[in-house]
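Listed here are the chains, written in short residue letters.
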Amino acid sequence: SLHTPQKFQARMASSRDDISGGGADGTDKKKKARVAVVGCGGWTQGWHLPNLSHRNDVDVIALVDPSSDAPGVGGCTPSLCVSMKELCERHGVSRRYRSVEELLSSDDELKLDGVLVAVPHRHHSSVGEAVLKAGKHLLMEKPMTADVDEARSLYELSKDGRGHGRRLAFLLNNTANWQPGTIAAYDAVSSGRIGAIRHVNCILAAPLGWLFEGEEHSSWNKVEESGNGTMKGNGFGWGQFSHSFAWIFKVTGLTPSSVFAKSTKSETTGADLFDAAIITCTNGCTISASGVGTCPDGGFKVVGNWIFGTGGMLSYCGLAGSDNVQAVDDDDDGADSNERSAARNRMELWTNDGEHEYGPPVEFEHLDQDGAGPGSLDAWIRACRGEDYFEGAGAVVGLKAVGAIDAMYRSFESGKEETVRGCEDLCE
């Protein structure tokens, strides 16, 4: 196979090893990372904090949210939210702040290594800037921002923000980019197994009509002013295509240069629900991207990524749910049809000389609430502890995704092909 379990487990040793001794920057690897979480809505309460609580290499020192009684209003899962008082008690956190500025002003006492940011899109820039300038390792929810100029500023800051005696990690929580199958695909493409990339075809279909058409989820379907710029639209593009584009730009290394796109919008909220985009890249490669924001809820998303090169092609396609691609025996009476289908979905590679190889299972977003969290969380904690880590999605991938989505929204409105801004010097 392309990556046997031994091979990709070795590559992913960065995920779960107990490494002792000193880190590359002199940090004691035995120490626990000291971190804070900014933004305590549904995703933090339902995923980030439970995942962190299952780890023995990190201490959550502080929680930050402007709301005391109703964090997460307007977000994706407000029903999961409890008050900040109850949340702190639940996770044994004694320090609570109302803003990132208040948090960082107390750092002489807190001595933070890193900050996890899970705030609405429009606040990513201001909060991320404060964290990076303070010299803290940053894990940011996707998308990087919802404004190109803001994304470019964070990218520049991440390049220049090395004056703190160590290399700062700036990671995005595109959890699919740390899955073993994604790393196998990245390895195959970057090593030239399928030659020069000429075309990419992708589809992402998600049963999220409730999110993009629900008035109570305004952060996901309404255009909102950001700190220094304005969102060009809101809906499936920022909410879901940010997953697909981050995956594509990481695996292929392509850089988008222009976008022509069409969309069908929700009659209720005006959010884009069905998107079709043709992206031209700086090397002439084309990407055909289809997005579906509402479909039958079978407990999964439809993920289809095909990469075509001069020497072969690669497929990463399947029904992706909460890491639902466990090995299922054909005679397992307890497995339903979706589990059986998902178990057969694996990365595949074909070459022009007749080779056909299978890789790891197709997994996309990491949604397990009970375990130690996704590879993105693990990489960030490893950075906080001075250990090596795999950068599945960083500032370059994030900026490319923001640039492509921004151009897509502008094309929706103009009816014309639009130039991608902010990525001109990121060519392959």
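Everything below is about the structure shown above.
Just so it is clear, the structure is predicted and the values come from calculations on it, not from any experiment.

Chemist: Explanation requested: the sheet that holds strand 11 (residues 301–309) in the structure shown.
Modeler: Strands in a sheet are paired, the pairing made by backbone hydrogen bonds, and the direction either parallel or antiparallel. Read across the sheet, nine strands follow the order 14-13-12-11-7-10-9-8-15 without closing on themselves; strand pairing throughout is mixed. Every other strand in the sheet has two partners, leaving strand 14 (356–361) and strand 15 (418–419) as the edge strands with one partner each. Here strand 13 (residues 346–351) pairs with strand 14 via four bridges, running antiparallel. For Glu348, the partnering residue across the bridge sits in strand 14 and is Tyr358. Along the sheet face, helix 8 (residues 180–190) touches strand 7 (197–205), strand 11, strand 12 (312–320), strand 13 and strand 14 and points at about 170° away from the line of strand 12.

Chemist: How should I be thinking about the nonpolar core in this particular structure?
Modeler: Formed by 116 residues in total, the largest nonpolar core has its most connected members in Leu103, Met144, Leu314 and Trp380. Ranked by the residues each element gives to this core, the list is headed by helix 14 (residues 395–414), at eleven residues.

Chemist: I would appreciate a short explanation of the pattern of salt bridges in the present structure.
Modeler: Between side chains of opposite charge, a pair can form when the charged atoms approach closely. Counted by the stated rule, this structure contains 23 salt bridges. In this structure, Glu109 and Arg95 form a salt bridge, with 3.4 Å as the shortest nitrogen-oxygen distance. On the criterion of sequence distance, the pair formed by Glu109 in helix 5 (residues 107–110) and Arg95 in strand 3 (residues 95–97) is long-range, its members being 14 residues apart. Its relative accessible area of 27% is what places Arg95 among the partly exposed residues. Among the ionic pairs, Arg421 bridges to Asp149, the shortest N-O distance being 2.7 Å. Here the residue Arg421 occupies a position in the segment after strand 15, and Asp149 occupies one in helix 7 (residues 148–160), the gap between them amounting to 272 residues.

Chemist: How do you make sense of the environment of Asn283 when you look at a structure like this?
Modeler: Considering the arrangement of structural elements, one finds Asn283 in the loop between strand 9 (272–281) and strand 10 (286–292). Linking Asn283 and Pro256, residues 27 residues apart in sequence, is a C-alpha distance of 9.0 Å. A polar atom in the side chain of Asn283 sits 3.0 Å from the backbone nitrogen of Cys285.

Chemist: Is there a simple way to think about the packing of aromatic side chains in this case?
Modeler: The description of an aromatic ring pair rests on the distance of the ring centres and on the angle between the ring planes. In the structure shown here, the tally under the stated rule is eleven aromatic pairs. Aromatic side chains Trp306 and Phe308 sit 6.0 Å apart centroid to centroid with 10° between the ring planes, which places their arrangement in the stacked category. A relative accessible area of 28% means that Trp306 is categorised as partly exposed. Taken together, a centroid distance of 5.7 Å and an interplanar angle of 15° make the contact between Trp306 and Trp350 stacked. Residue Trp306 is found in strand 11, and its partner Trp350 is found in strand 13; the two are separated by 44 residues along the sequence.

Chemist: Would you take a moment to explain the sheet that holds strand 2 (residues 58–64) for this structure?
Modeler: One open sheet accounts for six strands, arranged 3-2-1-4-5-6; its pairing is parallel. The strands lining the two open edges of the sheet, one partner per strand, are strand 3 and strand 6 (170–172). Adjacent strand axes in the sheet meet at a mean angle of 25°, parallel and antiparallel pairs treated alike. As judged from the four bridges shared by strand 1 (residues 33–38) and strand 4 (residues 114–117), these two strands associate in the parallel manner. By the bridge assignment, Val38 is partnered in strand 4 with Val117. Packing against the sheet, helix 2 (residues 42–53) makes contact with strand 1, strand 2 and strand 4, and its axis sits at approximately 150° to strand 2.

How each quantity is defined
- Residues numbered from 1 in each chain as written.
- Predicted model: local features only at pLDDT ≥ 70, side-chain atom pairs only at ≥ 80, totals over all residues.
- Heavy atoms only, no water.
- Pairing = 2+ DSSP bridges.
- Helix = DSSP H or I, 4+ residues; strand = E, 2+ residues; numbered from the N terminus.
- Contact = heavy atoms within 4.5 Å.
- Axes fitted to C-alpha atoms, helices over the stretch in contact; angles between N-to-C directions.
- Core = buried A, V, L, I, M, F, W, Y, C linked by side-chain atoms within 4.5 Å.
- Buried < 20%, exposed > 50% of the residue type's maximum accessible area, 1.4 Å probe, protein only.
- Salt bridge = Lys/Arg side-chain N within 4 Å of Asp/Glu carboxyl O.
- Polar contact = N/O pair within 3.5 Å; in protein donor to acceptor, adjacent residues only side chain to side chain.
- Phe/Tyr/Trp six-rings, centres within 6.5 Å; stacked < 30°, edge-to-face > 60°.

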